[in-house]
Amino acid sequence: MTCLLVTNTRNPHDNGQWIAAAFRRAGVDVRSVHPMTINTPQFRVGTVDFVLCLGAVLRAKWKCLPRLRKLTKVPIALWYFDAVATSDQSTVRRRDLVMEASAFVDHVFITDGGQQFGGALGNRLHWLMQGVPAELYAEDLRVAIEHPLAFFGALVKGTERTDFIEQLAGRLPVALWGRCLAGHVTVQEVRAEVFGKAMVQTASTCRALLAAEATYGFVSRYWSNRVYLMAGTGVPTLVKNIMGIKPEMGADGAYVRYYKTVDEACDIYRWIEQNPEQARAMGDRCRRFVLAHHTYDHRVARILETMELSECLTT
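Below or above, wherever it landed, is the structure these notes cover. Every residue gets a number counted from 1 within its own chain, in the order that chain's sequence is written. Given that this is a predicted model, residues contribute local features only at a pLDDT of at least 70 and side-chain atom pairs are listed and counted only at 80 or more, while totals for whole chains, interfaces and linings are drawn from all residues. Hydrogens and water are ignored here; the side-chain numbers use all heavy atoms of the structure.

1. Points about the nonpolar core
For soluble globular proteins, the rule of thumb is that nonpolar side chains tend to be buried together. Rule in force here: We call a set of buried Ala, Val, Leu, Ile, Met, Phe, Trp, Tyr and Cys residues a nonpolar core when their side-chain atoms join them within 4.5 Å. For the exposure calls, accessible area comes from a 1.4 Å probe over protein chains only, and a residue counts as buried if that area is under 20% of its type's maximum, exposed if over 50%, partly exposed in between.
Counting 48 residues, the largest nonpolar core has Ile19, Phe23, Leu52 and Trp79 as the members making the most contacts within it. Trp62, Val74, Val108 and Leu121 belong to the second largest nonpolar core, which has 27 residues in total.

2. Digging into the sheet that holds strand β4 (residues 76-80)
Note the following rule: Note on pairing: two strands pair once DSSP finds at least 2 bridges between them. The helix count covers DSSP runs of H or I at least four residues long, the strand count covers runs of E at least two residues long, and both are numbered beginning at the N terminus. A fitted line through C-alpha atoms represents every axis, and for helices the fit uses only the stretch in contact; the resulting angles, taken between N-to-C directions, go from 0 to 180 degrees.
As summarised here, the arrangement of the 6 strands in space is β2-β1-β3-β4-β5-β6, forming an open sheet in which the pairing is parallel. Because the sheet does not close on itself, it has two edges, and the strands there are β2 (29-33) and β6 (125-127). For this sheet, the mean angle separating the axes of adjacent strands, direction not counted, is 20°. Pairing of strand β1 (residues 2-6) with strand β3 (residues 50-53), which is carried by 4 bridges, proceeds in the parallel orientation. Its bridge partner lying in β3, Val6 is registered against Cys53.

3. Digging into the side chain of Arg299
Here is the rule: When charges are counted, neither His nor the chain ends are considered; positive counts come from Lys and Arg and negative counts from Asp and Glu. For this document, the term salt bridge refers to a Lys or Arg side-chain nitrogen within 4 Å of an Asp or Glu carboxyl oxygen. Throughout this description, a polar contact denotes any pair of N or O atoms lying within 3.5 Å of each other; where both atoms belong to protein, one of them has to be capable of donating a hydrogen while the other can accept it, and for residues adjacent in sequence the pair is counted only when both atoms sit in side chains. Note on definitions: a residue-residue contact is assigned when non-hydrogen atoms from the two residues lie within 4.5 Å.
Within the secondary structure layout, Arg299 lies in helix α11 (residues 296-306). Despite its burial, Arg299 pairs with no opposite charge; the closest candidate is Asp297, at 10.0 Å N-O. Of the polar contacts made by the side chain of Arg299, one reaches the backbone oxygen of Met129; its length is 2.8 Å. Contacts of Arg299, omitting those with residues within four sequence positions, involve Trp79, Leu128, Met129, Gln130, Gly131, Tyr228, His293 and His294.

4. Observations regarding helix α9 (residues 262-274)
As a reminder of what qualifies: Expected helix span is computed as 1.5 Å times (number of residues minus one).
With 13 residues, α9 ought to run about 18 Å at 1.5 Å a step, and its terminal C-alpha atoms sit 18 Å apart, in line with that. Of the surrounding elements, those touching the buried residues of α9 are β7 (147-152), α6 (160-169), β12 (206-211), β13 (237-240), β14 (257-259) and α10 (276-293).

5. Points about the packing of α6 against α9
Note the following rule: Here the word oblique covers every angle except those under 35 degrees (roughly parallel), over 145 (roughly antiparallel) and from 65 to 115 (roughly perpendicular). In this scheme, a crossing is called left-handed if the near helix is turned counterclockwise away from the far one by less than a right angle; it is called right-handed if the turn is clockwise. In this count, Pro and Cys sit with the nonpolar residues alongside Ala, Val, Leu, Ile, Met, Phe, Trp and Tyr, while Asp, Glu, Lys and Arg are called charged and the others, Gly among them, polar.
Across the interface, α6 lies against α9 with an axial gap of 10 Å and an inter-helix angle of 50°. Considering the angle they form, α6 stands oblique to α9. The way α6 lies across α9 gives a crossing that is right-handed. Packed against α6, whose contacting residues are Phe164, Gln167 and Leu168, the element α9 presents Val262, Ala265 and Cys266 at the interface. Along the lines of polarity and charge, the residues of the contact of α6 with α9 split into 5 nonpolar, 1 polar and no charged.

6. Some words on the layout of surface pockets
The condition that has to hold: Cavities and pockets were defined on a 1 Å grid built over protein atoms only: a cavity is a set of grid points that admits a 1.4 Å probe from which the probe cannot escape, a pocket is an open set flanked by protein on both sides within 12 Å along at least five of seven lines, and lining residues are those with an atom within 4 Å of any such point. Grid points are joined across faces, edges and corners, and a volume is the space filled by probe spheres set on the points.
Its volume calculated, the second largest pocket comes out at about 180 Å³. Around the second largest pocket sit Val143, Ile145, Ser204, Cys206, Arg207, Val235, Pro236, Ile272, Pro276, Ala279 and Arg280, which together line it. For the lining of the second largest pocket, the secondary-structure elements that each account for two or more residues are β12 and α10. At 3 residues, the largest contribution of residues to the lining of the second largest pocket is made by α10. Residue composition of the lining of the second largest pocket, by class: 8 nonpolar, 1 polar and 2 charged.

7. A word on the packing of aromatic side chains
To describe a pair of aromatic rings, one takes the distance between the centres and the angle between the planes. Spelled out, the test is: Each Phe, Tyr or Trp ring (for Trp, its six-membered ring) is paired with any other whose centre lies within 6.5 Å, and the angle between the two planes then decides the class: stacked below 30 degrees, edge-to-face above 60, tilted in between. We count a charge as sitting over a ring when the NZ of a lysine or the CZ of an arginine lies within 6 Å of the ring centre and within 35 degrees of the ring normal.
Considering all chains together, one arrives at 5 aromatic pairs under this definition. Stacked on the ring of Trp62, the Lys or Arg Lys63 has its end atom at 4.4 Å from the ring centre. Here Arg257 stacks its cationic end above the ring of Trp271, 5.0 Å away from the centre of that ring.

8. Here's the deal with unusual backbone geometry
Positive phi values are uncommon outside glycine, yet Lys73 reaches one of about 55°. Residue placement: Lys73 occurs in the loop between α4 (65-72) and β4. The class of Lys73 is exposed, set by a relative accessible area of 67%. Of note in this structure, Glu308 is not a glycine but carries a positive phi near 60°.

9. Structural notes on α11
One turn of the α-helix equals 3.6 residues, which is why residues spaced by three or four share an orientation. What counts is decided by this rule: As used here, the arc is the angular range of directions from the helix axis to the C-beta atoms.
Of the residues making up α11, those classed as buried are Tyr296, Arg299, Val300, Ile303, Leu304 and Thr306. All buried residues of α11 lie within an arc of 165° about the axis, which places them on one face of the element. After α11 finishes, the residue Glu308 shows a positive phi value of roughly 60°.

Next up, the structure:
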């Protein structure tokens, strides 16, 4: 079985390389192409059994999809990672692009919301969170602690997230790895945003990790992808949760510690400092949980099952 994976092949930080590797482990041959090459006259698709398009297709305004449909005549799925559940102008535009693209695909997998489409996509719409690349966590990540607490993500001036980090940094030594668009912030250290293996290795040098969002959009059934990436290292992780803890996430202390306020975050960090063995045991449970249920291998299996392709791998 062969999959044509339409992704941003020019971006080394794109999820396509990890998804392609998961497909190959599942016994699927993968051919990766950039969406901008599909509309060129010399593009020839060859023989494929199904097509999976990632978010780069929409950034290219999905114009390659009609040609893909004409050339392949096989099932086509779109897996879109960005938020579509909020009401800001850019998100509404992304949601419109998903709707426009859906005319040329058989399945739409989204990581956020779903109710915003008002049933227009029917049973073609599926909720599927991103995963983590299992291969990033294969080696022993226990290393010497270099940083007490780190926040991974972007800070934008005037946002609730940035205000929270500013308040927290006034009471705890917080290091920031991410894009800092907020001007001066009172954090210990600011570095360029890191992805993939670099992010995992950097996170492993911290006593604790801080996530500013517990869940993705309005779904609230699972953590955001960044939380999975951090928590999979086994480093004790603090996760903001303002929408209630769902059973799938585990109770407070089962895998991560939840906070709502700066005071709660400070109290949890002090607990981690004072109870290193308990905190590390929690981190180890979380690492096992993430690798057992939330890797790209699990997501690929779900895609194949939904597209009714699983049986083709064994026949």
